[in-house]
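Single-letter residue listing:
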Amino acid sequence: MRFGVICVMMNAKKNVTRGFTKVHRGTQRKIFVYLCVFSVYLCGLTLKAQDFEATMAKQGLVDVQKVDPTILVELKYSTTDNFVGKDVYGDLTRAYMQPMAAKKLAEASKYLQAHNPNLRLLVYDAARPRSAQWKLWNALPDLPENERQKYVADPRKGSIHNYGCAVDLTVANQDGKPLDMGTKYDFFGELAYPSREAELLKSGKLTQQQIDNRQILRTAMRQGGFSPIEFEWWHFNALSREKAKMVFRVVN
Ligand SMILES: [Zn+2]
């Protein structure tokens, strides 16, 4: 009788142990699967950034900070501080341009520092993949297309940014703080139009200091060989869209 009780107790213990091991193995398996899924997700993110960068490098574009390490870079579309309010670029945080454009930017930077040793160029956007161009274009559904094109190029036509020949930037002080240009980057309205500065000064909507700051940027960029545009104080082209299309391929 006592032996029988002992056998029953031992079997019960075995069953509990087996049950526990079963549950434990099941949990281990689940953790393993979660870890695998998480690793694949992380690899995906890394590959995405490497893909953009590898594609740009393969197409011959260069990292502007490798050409001139004094240039500051803060890609606004790689943050949520942009007009979309979302991170459009993900892990793409480096400013790439065609070598001829990066060389012009280094010239502009050199000119700026020769005349204002405490100032630096601060790049907000450079080469922009066309997939990101669609996201920016679709983020302004309320603007009619002809109005929208003042601020975001139609992805079907392609932006000069998509060829790595345009740059958006400002001027910052030694601490990296941007100078007051009268509006934020990507401000959609007349206050950002270089073509309206004289009127805006007269009406008191822009100060002389803000226009002088824009002039510091424009002078340096012109010296580097860039052209300003009518609607955005921050945008400069190294080549016209027609020439960029003839010479370079779009970054997708
Ligand atoms: Zn631009």
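Up top you'll find the structure we're talking about.
Everything in this summary refers to the structure shown in the same document. Per chain, residue numbering runs from 1 following the sequence as it is written. Restriction of local features to residues with pLDDT of at least 70 applies here, the model being predicted, together with a cutoff of 80 or more for giving and counting side-chain atom pairs; totals for whole chains, interfaces and linings are based on all residues.

**Considerations on the pairing of strand S5 (residues 166-172)**
For S5, the tally of buried residues reaches six of seven residues, placing the bulk of the element in the interior. A pair of strands counts as paired when DSSP detects no fewer than two bridges linking them. In this text, helices come from DSSP runs of H or I with a minimum length of four residues, and strands from runs of E with a minimum of two, each type numbered from the N-terminal end. Here strand S4 (residues 120-125) runs beside S5; their pairing, made up of five bridges, is antiparallel. Bridge pairing in S5 links Asp-125 to Asp-168. Judged from the three bridges that link them, S5 and strand S7 (residues 235-237) form a sheet pairing that is antiparallel. By the bridge assignment for S7, Val-167 is matched with Phe-236. In this scheme every C-beta is placed from the backbone, and a residue whose C-beta has 20 or more other C-beta atoms within 10 Å is buried, one with 12 or fewer is exposed, and one in between is partly exposed.

**Description of the nonpolar core**
Core analysis: the largest hydrophobic core is formed by 51 residues, its most contacted members being Met-97, Val-123 and Cys-165. A per-element tally of this core places helix H3 (residues 99-115) first, with five residues. Note on contacts: each residue gets a C-beta atom placed from the backbone, and two residues are in contact if those atoms are within 7 Å. Other than its neighbours up to four places away in sequence, Val-123 contacts Val-64, Ile-71, Leu-72, Val-73, Ala-95, Val-167 and Leu-169. Core membership is restricted to buried Ala, Val, Leu, Ile, Met, Phe, Trp, Tyr and Cys residues, and these are joined into a nonpolar core through C-beta atoms within 7 Å.

**Focus on the packing of H3 against helix H7 (residues 208-224)**
Axes here mean lines fitted to C-alpha atoms, for a helix over just the part in contact, with angles spanning 0 to 180 degrees between N-to-C directions. Between H3 and H7, the least distance of the axes is 7 Å, while the angle of their chain directions is 130°. Considering their axes alone, H3 and H7 lie oblique with respect to each other. As H3 runs across H7, the sense of the crossing is right-handed. Taken together, the residues of H7 that come into contact with H3 (itself represented by Lys-104, Leu-105, Glu-107, Ala-108, Tyr-111 and Leu-112) are Ala-220, Met-221, Gln-223 and Gly-224. Note on residue classes: Ala, Val, Leu, Ile, Met, Phe, Trp, Tyr, Cys and Pro are nonpolar, Asp, Glu, Lys and Arg are charged, and everything else, Gly too, is polar. Class assignment of the residues belonging to the contact of H3 with H7 gives a composition of six nonpolar, two polar and two charged. Should an angle fall under 35 degrees it is taken as roughly parallel, and over 145 as roughly antiparallel, whereas 65 to 115 is taken as roughly perpendicular and any remaining angle as oblique. By convention, the crossing between two helices is left-handed when the near helix turns anticlockwise from the far helix through less than a right angle, and right-handed when the turn is clockwise.

**Details of the environment of Lys-76**
For Lys-76, the location among the structural elements is in the loop between strand S2 (72-73) and strand S3 (96-97). On the basis of neighbour count, Lys-76 is assigned to the buried category, with 21 C-beta atoms found within 10 Å. Remark: the alpha-carbon pair of Lys-76 and Lys-86, spanning 10 residues in sequence, is separated by 9.8 Å. Among residues more than four places away in sequence, those in contact with Lys-76 are Asp-81, Asn-82, Tyr-124, Asp-125 and Tyr-185.

**Observations regarding the sheet that holds S5**
Strand pairs in the sheet, formed through backbone hydrogen bonds, run parallel or antiparallel to each other. Spatially, five strands are ordered S2-S4-S5-S7-S6 in an open sheet, and the strand pairing comes out mixed. Every other strand in the sheet has two partners, leaving S2 and strand S6 (227-228) as the edge strands with one partner each.

**Observations concerning unusual backbone geometry**
One non-glycine residue, Asp-186, adopts positive backbone phi at about 60°. Positionally, Asp-186 belongs in the loop between S5 and helix H6 (197-202).

**Notes on the environment of Asn-252**
With respect to the helices and strands, the residue Asn-252 is situated in the segment after helix H8 (241-247). Note: C-alpha distance between Asn-252 and Asn-162 (90 residues apart in sequence) is 7.7 Å. Dropping the residues within four chain positions of it, Asn-252 is found in contact with Pro-129, Arg-130 and Ser-131.

**Description of the environment of Phe-231**
Within the secondary structure layout, Phe-231 lies in the loop between S6 and S7. Phe-231 sits in the partly exposed class, given 16 other C-beta atoms within 10 Å. Separated by 37 residues in the primary sequence, Phe-231 and Pro-194 place their C-alpha atoms 6.3 Å from one another. Beyond its immediate stretch of four places on either side in the chain, Phe-231 contacts Lys-150, Ala-192 and Tyr-193.

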